[in-house]
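A closer look at the structure
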Amino acid sequence: MGILVWVTCIDYINMVRQYLLCVDMEKAEFEFTKDGPILVKKDEKVEFALCRCGHSSKKPLCDGNHTKSGFKAESSKSELK
C-alpha cells in the first residue's frame, strides 16, 4: 500500500528530519491514525506525533487542530525494516 505525502516546504522536511534523528530507526514504528497525526513509536511508546493535516501551529508536531479542520484520512501502520 502506498502513501502519498504532499510536502510544500523544505523547512518542514528539515524539521521532521531533526525529530526522526532522535529515534532509533531500527525500532521505529509509524502509525497513521484515522483522521489524525502520524504517531512515531519506539518499543510501543509514542515518542511524538507528526502533523499530517497541515493546520498545526506547532509543525511538524501535531497540536490537535486536525479535529477543528475536519481532516479525514485512513489509518495504517508501517515499520522500518
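Our subject in this report is the structure included herewith.

A word on the pairing of strand S3 (residues 45-50). Sheet analysis places strand S2 (residues 38-42) next to S3, joined by five bridges and oriented antiparallel. Across the sheet, residue Lys42 finds its bridge partner in S3, namely Lys45.

The next point concerns the pairing of strand S1 (residues 28-32). Counting buried positions over the five residues of S1 gives five, a clear majority of the element. On S1, burial covers both faces: Ala28, Phe30 and Phe32 on one face and Glu29 and Glu31 on the other are all buried. Between S1 and S2, which pair antiparallel one after the other, the connecting turn spans five residues, and Asp35 there sits at a positive phi close to 60 degrees.

What counts as what
Residues numbered from 1 in each chain as written. Predicted model: local features only at pLDDT ≥ 70, side-chain atom pairs only at ≥ 80, totals over all residues. Heavy atoms only, no water. Pairing = 2+ DSSP bridges. Helix = DSSP H or I, 4+ residues; strand = E, 2+ residues; numbered from the N terminus. Buried < 20%, exposed > 50% of the residue type's maximum accessible area, 1.4 Å probe, protein only.

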